[in-house]
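Letter by letter, the chains look like this.
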Amino acid sequence: MENSEVARILSEIGEFLAMEGESPFRIKAYEKAAETIGSLQEELADVYQKGGLRALEEIPGVGVSIAEKIEELLKTGHLKYYEKLKKKSPIDLSELSQIEGLGPKSIFKLYKKLGVANLKELEAAAKRGEIKKLEGFGEKSEENILKGIEFLKKSGGRFILGFTMPLIRGIEERLKQLRGVKKLVVGGSVRRRKETIGDVDILIVADKPKPIMDYFVSMPEVAHVYAHGEKKSAIKLKNGLDVDLRVVHEESYGSALNYFTGSKDHNVALRQIAIDKGYKLNEYGLFKGKKQIAGRTEEELYKALGLRYIEPELREMRGEIEASRENKLPDLIGYNDLRGDLQVQTSWTDGADSIEDMARAAMKAGLEYIVVTDHTKRLAMTKGLDAKRIVKQMKEIDEINKKFEAAGIKLKVLKGTECDILKDGSMDLPDEILSQLDVVGASVHSYFNLPKEEQTQRIIKAMRNPHVDMIMHPTGRLINKRPAYDLDMEKIINEAKNTGTILEIDAFPDRLDLKDDYIHECVKKEVKMAIDSDGHSINHFSVLEYGIAQARRGWCTKSDVLMLGRSRRCYPC
DNA sequence: GCCGTTTTCGGCCCGACTGTTTTCAGTCG
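Residues numbered from 1 in each chain as written. Chains lettered and ligands numbered in written order. Predicted model: local features only at pLDDT ≥ 70, side-chain atom pairs only at ≥ 80, totals over all residues. Heavy atoms only, no water.

**Remarks on the protein's contact with DNA strand B**
- Near DNA strand B there are 33 residues, and of these Phe-25, Gly-103, Ser-106, Ser-141 and Tyr-447 occur at the shortest range.
- Counting only atoms of DNA strand B within 4 Å of the protein, the sugar-phosphate share comes to 64%.
- Here Gly-61 contributes a backbone N or O atom positioned 2.7 Å from a phosphate oxygen of DNA strand B.
- Contact between DNA strand B and Lys-140: a phosphate oxygen at 3.4 Å from a main-chain N or O atom of the residue.
- Of the residues in the surface near DNA strand B, the class split is 14 nonpolar, twelve polar and seven charged. (Near = heavy atom within 4 Å. Polar contact = N/O pair within 3.5 Å; in protein donor to acceptor, adjacent residues only side chain to side chain. Nonpolar A, V, L, I, M, F, W, Y, C, P; charged D, E, K, R; others polar.)

The structure is reproduced here in structure tokens:
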């Protein structure tokens, strides 16, 4: 059983317990264990094999009780305790808890009173007007539930790229190792690095595809086989993701890859160019009459169409074809170009690991500096820092830097904050504290539904604070969960230009905030951005990749992204 | 349920908003 599955079950146990009004600490214990396991680098099965129950208990947040449950899951694939809870209240929790504002207590009440166990039944009950009649619910709650369902439907069951990528890469690696696979690439929206993906298209070049196809449809992750042929097979994975595997000929590889990478509109435009030149373009190649003139590689294909090669992240019809023709494509920031991370949370607040551990992990991830940006006091639940504690934290950072220097470690830890922007646009820490920090990030965590103009002015006021260097996750959206707060982004971007404020590209997979369209606007207006992990544990630096992908989708070059100089002593902005 | 230690129990444990109420429950970050 995979870590993500164990994490899901533990987190559902937490929710079941919450429904029953269990002690909040017990619930929190399950949540915390689920979180840790979800971002664990090593497979639990390996941990268990190496060190048994004891090794499981070594995992932070896992004690005797949870370790035994994990053991049972690994050994039998089932957990009696979980099944008992589920039998008592057979509710599709993963579905219902996606609705913003609907927590375990409400879900339980809806089940008890109306028998609602899944999204469909919830929608039906809301439409029949039954929910507003329940005690504790009303007109507004029913309306919000319907709105939540609508929002969920719009996101259309798409998977968040960064959360799904480890699974896809695992499959990719195993397929690549099979005998007879000459080439393999994952195309589609995965290759374009869209923030969410609908399904996965894998292309291979192989002489004898049958054993490869046989393996593909019998992988342990497979829940259903739609098709199992020699040229194409299609499956549904246990997590609901559809994956297609196609075999293509070597001489068509480039054109097939192009075809299956999309976007559809980009492909249509390419086909039109081919027609204008008297050619025909399809997934088998570029043809003049019956003769194939290109298609073995994508580079060859674009060249034959009179274009420069266009990176997959740009193939969204945002002007890339014209830019390619005029040789004006941006020199995109590379996946290895990032040198530092300007948003890192630690165990001082809601992060899982100490400053030093985060710093060492950052170094392993190839970074040269991090900025420690713990939350501030308004976010009480995270133990947000007040003036006194942040001064203490600064001292610890000084000590770590000294220690690193003495040990010849190059990585620099900078002092920062993710300071709450209060309702009126003022900051949650006094100016005299902010002035002592290397990087001041500011962000909104409350009053999400102010009217557009008020919300915009609130952030503009923060940008005008001379100490504020950057606005973090500027629009506050959570992909598939919550829309951005109502903002006039044109005004925000213009103000960023005027005040020299950095706008963040928060790389966390369900944030990716700014989104690509806004990044593109910033690039056009020469507003600087920063790509940050928003990391809360030592494993989170890997998400920077998705921030870079998003930046590339927004046409970012290296110079659009803030990077601090190696020898520079601090104040970066 | 986990953790840590003054070693086997007590601490963990905030604060504000929303929508329902008329004093509070549920949710969220």
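**Structural notes on the sheet that holds strand 2 (residues 181-186)**
- Judged by pairing direction, the sheet is mixed, and its five strands sit side by side in the order 2-4-7-6-5 without closing on themselves. Every other strand in the sheet has two partners, leaving strand 2 and strand 5 (222-228) as the edge strands with one partner each. Mean inter-strand twist for the sheet, computed between neighbouring axes without regard to direction, equals 20°.
- Inspection of the sheet shows strand 2 paired to strand 4 (residues 199-206) by five bridges, in the antiparallel sense. Counted as the bridge partner of Lys-183 is Val-205 from strand 4.
- On the sheet, helix 10 (residues 161-176) packs against strand 2, strand 4, strand 6 (232-237) and strand 7 (242-247) and is oriented at approximately 170° with respect to strand 2. (Pairing = 2+ DSSP bridges. Helix = DSSP H or I, 4+ residues; strand = E, 2+ residues; numbered from the N terminus. Axes fitted to C-alpha atoms, helices over the stretch in contact; angles between N-to-C directions. Contact = heavy atoms within 4.5 Å.)

**Quick look at the packing of aromatic side chains**
- For the structure on display, the rule yields five aromatic pairs.
- The ring of Tyr-253 has Lys-183 lying over it, and the distance from NZ or CZ to the ring centre is 4.7 Å.
- Seen from the ring of Tyr-518, Lys-515 lies directly overhead, with NZ or CZ sitting 5.5 Å from the centre. (Phe/Tyr/Trp six-rings, centres within 6.5 Å; stacked < 30°, edge-to-face > 60°. Lys NZ or Arg CZ within 6 Å of the ring centre and 35° of its normal.)

**With respect to the domain arrangement of chain A**
- Domains assigned within chain A are domain 1 (3-154), domain 2 (159-247), domain 3 (252-325) and domain 4 (340-572).
- Between domain 1 and domain 4, the C-alpha centre-to-centre distance is 31 Å.
- Every contact between the two is made by nine residues of domain 1 and, on the other side, eight residues of domain 4.
- Where domain 1 abuts domain 4, roughly 700 Å² becomes buried across the two surfaces, and 49% of that area is made up of carbon and sulfur atoms.
- When the buried surface of domain 1 facing domain 4 is broken down by residue, Ser-39, Glu-100 and Phe-151 rank first, second and third, together holding 62% of it.
- Summed over the shared surface of domain 1 and domain 4, the number is zero salt bridges.
- On the surface where domain 1 and domain 4 come into contact, there are zero residue pairs in polar contact (both at pLDDT 80 or more).
- Here the side of domain 1 that touches domain 4 is built from residues that sort into three nonpolar, four polar and two charged. (Domains from an automatic or database assignment. Buried area = accessible area lost by both parts, 1.4 Å probe. Salt bridge = Lys/Arg side-chain N within 4 Å of Asp/Glu carboxyl O.)

**Concerning the pattern of salt bridges**
- Using the criterion set out here, one finds 47 salt bridges in the structure.
- Residues Arg-318 and Asp-516 are paired through a salt bridge, measuring 3.1 Å at the closest nitrogen-oxygen approach. On the criterion of sequence distance, the pair formed by Arg-318 in the loop between helix 15 (298-304) and helix 16 (320-325) and Asp-516 in helix 22 (residues 516-525) is long-range, its members being 198 residues apart.
- Among the charged side chains, a salt-bridge network with shared partners connects Arg-192, Glu-316, Arg-318, Asp-516, Asp-517 and Arg-553.

**Focus on the sheet that holds strand 8 (residues 280-282)**
- Read from one edge of the open sheet, three strands run 8-9-10, paired in antiparallel fashion. Pairing within the sheet leaves two strands with one partner each, and these edge strands are strand 8 and strand 10 (291-294). Pairs of neighbouring strands in the sheet enclose a mean axial angle of 40°, with direction left out of account.
- As paired elements, strand 9 (residues 285-288) and strand 10 share three bridges and run antiparallel to each other. Bridging from a neighbouring strand, Lys-288 pairs with Lys-291 of strand 10.

**Re the nonpolar core**
- Membership of the largest hydrophobic core comes to 105 residues, with the highest contact counts inside it found for Val-413 and Ile-531.
- No other element matches the six residues that helix 10 contributes to this core.
- Two domains each donate at least three residues to this core, and these are domain 2 (159-247) and domain 4 (340-572).
- Residues in contact with Ile-531, not counting those within four places in the same chain, are Ile-333, Leu-338, Gly-340, Ile-505, Ala-507, Leu-544, Gly-547, Ile-548, Ala-551 and Val-561.
- Counting 50 residues, the second-largest nonpolar core is a separate cluster that includes Ile-59, Val-62, Leu-73 and Ile-91. (Core = buried A, V, L, I, M, F, W, Y, C linked by side-chain atoms within 4.5 Å. Buried < 20%, exposed > 50% of the residue type's maximum accessible area, 1.4 Å probe, protein only.)

**What to know about the packing of helix 17 (residues 355-364) against helix 18 (residues 387-406)**
- Packing of helix 17 against helix 18 brings their axes to within 10 Å, and their N-to-C directions diverge by 45°. If you check the angle between helix 17 and helix 18, you find them oblique. Once helix 17 is placed against helix 18, the crossing between them reads as right-handed. Contact residues: helix 17 offers Ile-355, Glu-356, Ala-359 and Arg-360, while helix 18 offers Gln-393, Glu-396, Ile-397, Ile-400, Lys-403 and Phe-404. (Parallel < 35°, antiparallel > 145°, perpendicular 65-115°, else oblique. Left-handed = near helix turned anticlockwise from the far one by under 90°.)

**What to know about the environment of Leu-184**
- Mapped onto the fold, Leu-184 is located in strand 2.
- C-alpha of Leu-184 to C-alpha of Glu-172: the two residues are twelve residues apart in sequence and 7.9 Å apart in space.
- Look past the residues within four positions of Leu-184 in its chain and what remains in contact with it is Glu-172, Leu-175, Lys-176, Ile-202, Leu-203 and Ile-204.

**Brief notes about unusual backbone geometry**
- Each neighbour pair has its own omega, and for Gly-262 with Ser-263 the value is -5°, a cis peptide bond.
- Structurally, Ser-263 is set in the loop between helix 13 (253-261) and helix 14 (264-276).
- The omega angle of the peptide bond from Asp-513 to Leu-514 is 15°, so this bond is cis rather than trans.
- Relative to the helices and strands, Leu-514 is located in the loop between strand 16 (502-506) and helix 22.

**Things to note about helix 9 (residues 139-155)**
- Helix length check: helix 9 (17 residues) gives 25 Å between terminal C-alpha atoms against 24 Å at 1.5 Å per residue, within 8%.
- If you check which residues of helix 9 are buried, you get Glu-142, Ile-145, Gly-148, Ile-149, Leu-152 and Ser-155. Summarising the axial view, the buried residues of helix 9 lie within an arc of 145°, below the 170-degree limit, and thus occupy one face. Exposed residues lying more than 90 degrees from the buried face of helix 9 are Glu-139, Lys-140, Lys-147 and Lys-154.
- Structurally, helix 9 contributes buried residues whose contacts are with helix 6 (93-96) and helix 8 (119-127).
- At the C-terminal side of helix 9, Gly-156 shows a positive phi close to 60°. (Expected span 1.5 Å × (residues − 1). Arc of directions from axis to C-beta.)

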